[in-house]
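Now for the letters of each chain:
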Amino acid sequence: MKQKTEWKPKLVGFLCKWCSYAGADLAGISRKKYPANLRIIKVPCSGRVDPLFILKALRLGFDGVLVSGCHPGECHYQTGNYRARRRIAITKRFLEYLGVEPQRIQASWVSASEGGKFTKVVDDVTKELKEAGPNQLFSERRGDGTKTKARSKGTTRARQS
Amino acid sequence: MEQKLRQEAKALLEQGKVDWIIGFEPGSLKFTTTPLITKDKNDADRLVINPFIVNNLADFLPEIKGRVGIVAKGCDSRSIVSLIQDNKVVREDVVILAVPCPGIIDLSKVERLVGKDRDELDDVTREGDKVIIKVNGKKKEFPVTEVLFDHCLACELPTPQEYDILLGEPRPPAPNLEVSGKDIENLKGLTPEQRWEFWGNELSRCIRCYACRNVCPACYCQRCFVEETEPQWVMPVPRWQDNLLFQIVRNIHVAGRCTDCGECERVCPVNIPLRSLTREMYDMVDELFHFKAGMDKEALPLMTHYEQEEAEDFFR
Ligand code: SF4
Ligand code: SF4
Ligand code: SF4
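None of these values were measured; they are calculated from a predicted model.

Reading guide: rules and limits
- Residues numbered from 1 in each chain as written.
- Chains lettered and ligands numbered in written order.
- Predicted model: local features only at pLDDT ≥ 70, side-chain atom pairs only at ≥ 80, totals over all residues.
- Heavy atoms only, no water.
- Disulfide = S-S within 2.5 Å.
- Helix = DSSP H or I, 4+ residues; strand = E, 2+ residues; numbered from the N terminus.
- Buried < 20%, exposed > 50% of the residue type's maximum accessible area, 1.4 Å probe, protein only.
- Pairing = 2+ DSSP bridges.
- Axes fitted to C-alpha atoms, helices over the stretch in contact; angles between N-to-C directions.
- Contact = heavy atoms within 4.5 Å.
- Core = buried A, V, L, I, M, F, W, Y, C linked by side-chain atoms within 4.5 Å.
- Near = heavy atom within 4 Å.
- Nonpolar A, V, L, I, M, F, W, Y, C, P; charged D, E, K, R; others polar.
- Polar contact = N/O pair within 3.5 Å; in protein donor to acceptor, adjacent residues only side chain to side chain.
- Buried area = accessible area lost by both parts, 1.4 Å probe.
- Salt bridge = Lys/Arg side-chain N within 4 Å of Asp/Glu carboxyl O.

Participant: Teacher, can you tell me more about the state of the cysteines here?
Facilitator: Linking two cysteines covalently through their sulfur atoms gives a disulfide. Residues and elements named next belong to chain A. Per the counting criterion, the structure on display carries one disulfide over all chains. For C19, the disulfide goes to C70, at an S-S distance of 2.3 Å. When the S-S torsion is 100°, as for the bridge of C19 with C70, the disulfide is right-handed. Remark: C70 occurs in the loop between β3 (64-69) and α3 (80-98) and C19 occurs in the loop between β1 (11-16) and α1 (20-29); sequence separation between them is 51 residues. The exposure class of C19 is buried, given its relative accessible area of 8%.

This is the structure we're talking about:
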């Protein structure tokens, strides 16, 4: 008999090729176990991650997004991760203001030698995403996707000058 | 002020100090003004300064070749400074004609206040802290704060800091954040689900005309991500999901460059309360990084700069 499998969050990870991707590789080589729900996208630097990528992943239905790069001060390009940090900070805060569950936007610093830390990050993030539940943000579940219906529901304001 | 502006503008063109003048002239609709972009010194007499000069003229700067004399209110001057910080505009190529700004009148607030369409109003004038609205030959007086744009009520810099010619007496800032921030406070009182629902509903009216982006001085990209096709980030059809995605990403892209000039909200044809996004981002940037857009032309742009230690709390 096949058992009904437990729901597992789908997670996309943007990993910088110098540190975090190598860290994930190390975790694999050392045969460490971590949840298989992570889809990895290798980026040259965490600074390459346009917040657009994060939004697009959520739009496509991923339950969470992880951006991971080298520790502060260890960026291969000196400053990429510092810039990433600013971008991710405002993205996370802004999305929270809009009503997105904070668990969905995740970030970590993982070096090439931290295979163990990488496993733990994915474990912890997965746990948090289970709490948050499936990403329904962009789904049509509320039926508010039709323009006519929402138009009558939305706030109407006087004409602007 | 207006007289001085006309003289200065004429002189600048005559003496060849600028190739262009960008300012305001009366619009075709009642009370409105419209941008005037000219090379002709005789056009200087068409320039006006009044309580209806809404546009943020900085939007035109990156596209204009040559030296430009530009009329700027406080918020516009911050957009100009921000463009200088981004290396989009060369300081020496602009002559900033600074208007100490007492706030701009939002005609839709006037309409709501007196319950009349703007075409039915005889006159709207400002006298100090009062606005005088004439309807059917009768005069009505209100505190001017009831008809100013929300972002004007929050204004931190009525008089440009960066300018070449000052057209009037400087005005001190007198922000009333309680009134101007009411909408955002109300939203924060909702649950996250309600907030997301609210924005989904609002953006389902969006027709993706891109007026908000096109009017924004901070959105100067030659090719915006929404027009990219490989990959296609958003579908051209204006569904609420992609509309919302567009607006979120736009806000993130202009973070640290948005001066809360209020133009995007004003031009939205379906009245989406965009300022409740832009202003929240503005405050967030200030809180997290102590950065205000367009205040200092020597400061590095927000997203090219960093501190060793900041915003670390959520990193694993
Ligand atoms: S985002 Fe809106 S308020 Fe901010 S600078 Fe652009 S047009 Fe002005
Ligand atoms: S939304 Fe982003 S990509 Fe588009 S014009 Fe504005 S800053 Fe550029
Ligand atoms: S101005 Fe309004 S309708 Fe047009 S694209 Fe922007 S949000 Fe949508």
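Participant: What is the right way to look at the sheet that holds strand β2 (residues 38-43) of chain A in this model?
Facilitator: In a beta sheet, neighbouring strands pair by backbone hydrogen bonds and run either parallel or antiparallel. Residue and element names in this part refer to chain A. Taken in spatial order, the four strands of this open sheet run β2-β1-β3-β4, and their pairing is parallel. On the outer flanks of this sheet lie β2 and β4 (105-109), each paired with one strand and no other. The mean inter-strand angle of the sheet, taken between neighbouring strand axes irrespective of direction, is 20°. Judged from the six bridges that link them, β1 and β2 form a sheet pairing that is parallel. Bridge pairing links L15 to K42 in β2. In the packing of α3 onto the sheet, contacts are made with β3 and β4, and the angle to β4 comes to roughly 155°. Of the strands in this sheet, β1, β2, β3 and β4 touch helix α4 (residues 115-132), which is tilted by about 165° from β4.

Participant: How should I be thinking about the nonpolar core in this particular structure?
Facilitator: Soluble globular proteins: nonpolar side chains tend toward being buried together. With 63 residues, the main nonpolar core has F94(A), L98(A), W196(B), F225(B) and I248(B) as its most contacted residues. Counting residues per element, this core draws most heavily on α3(A), which supplies eight residues. Formed by 55 residues, the second largest nonpolar core is a distinct cluster that contains L12(B), L36(B), V71(B) and V99(B).

Participant: Looking at this structure, I do not really get the pairing of strand β2 (residues 33-38) of chain B. What am I missing?
Facilitator: Residues and elements named next belong to chain B. Two strands pair when backbone bridges link them, and strand β1 (residues 20-26) and β2 are joined in this way by six bridges, in the antiparallel orientation. When the bridges of β2 are listed, P26 appears paired with T33. Remark: six residues form the turn of the hairpin made by β1 and β2, two consecutive strands paired antiparallel; F31 in that turn has positive phi of roughly 70°.

Participant: Would you take a moment to explain the site of ligand 1 for this structure?
Facilitator: The environment of ligand 1 is made up of C216(B), R250(B), C258(B), T259(B), D260(B), C261(B), G262(B), E263(B), C264(B) and T278(B). Considered class by class, the residues forming the shell around ligand 1 number four nonpolar, three polar and three charged.

Participant: Sorry, what's going on with unusual backbone geometry here?
Facilitator: The omega torsion across E230(B) and P231(B) is 0°, close enough to zero to call that bond cis. Although it is not a glycine, R31(A) adopts a positive phi angle of roughly 55°. By the element assignment, R31(A) lies in the loop between α1 and β2. The exposed category is assigned to R31(A), whose relative accessible area is 75%. The phi torsion at Y210(B) lies on the positive side, around 65°, for a residue other than glycine. Mapped onto the secondary structure, Y210(B) falls in the loop between α7 (192-203) and α8 (211-214).

Participant: What's the story with the side chain of R104(A) in this structure? I'm lost.
Facilitator: Assignment of secondary structure puts R104(A) in the loop between α3 and β4. Within the local environment of R104(A), its side chain forms a polar contact with the backbone oxygen of D63(A), the two atoms lying 2.8 Å apart.

Participant: How should I be thinking about the interface of chain B and chain A in this particular structure?
Facilitator: Interface size, as often reported, equals the accessible area lost upon joining of the parts. Taken together, the contacts link 66 residues of chain B with 54 residues of chain A. Around 6000 Å² of area is buried between chain B and chain A when both sides are counted, 58% of it from carbon and sulfur atoms. At the junction of chain B with chain A, the criterion picks out five salt bridges. E310(B) is the partner of R86(A) in a salt bridge, and the nearest nitrogen-oxygen pair spans 2.8 Å. In this structure, the connection of chain B to chain A is made through 25 residue pairs in polar contact (both at pLDDT 80 or more). Counting residues per element, the ones that place at least two in the side of chain B that touches chain A are α3 (107-114), α6 (182-188), α7, α9 (240-253), α10 (263-267) and α11 (275-289) of chain B. Counted by class, the side of chain B that touches chain A contains 33 nonpolar, 12 polar and 21 charged residues.

Participant: Help me understand the environment of W196(B) in this model?
Facilitator: Residue and element names in this part refer to chain B. Summarising the element assignment, W196 is placed in helix α7. In this structure W196 comes out as buried when scored by relative accessible area, which is 2%. Separated by 66 residues in sequence, W196 and K130 have C-alpha atoms that sit 39 Å apart.

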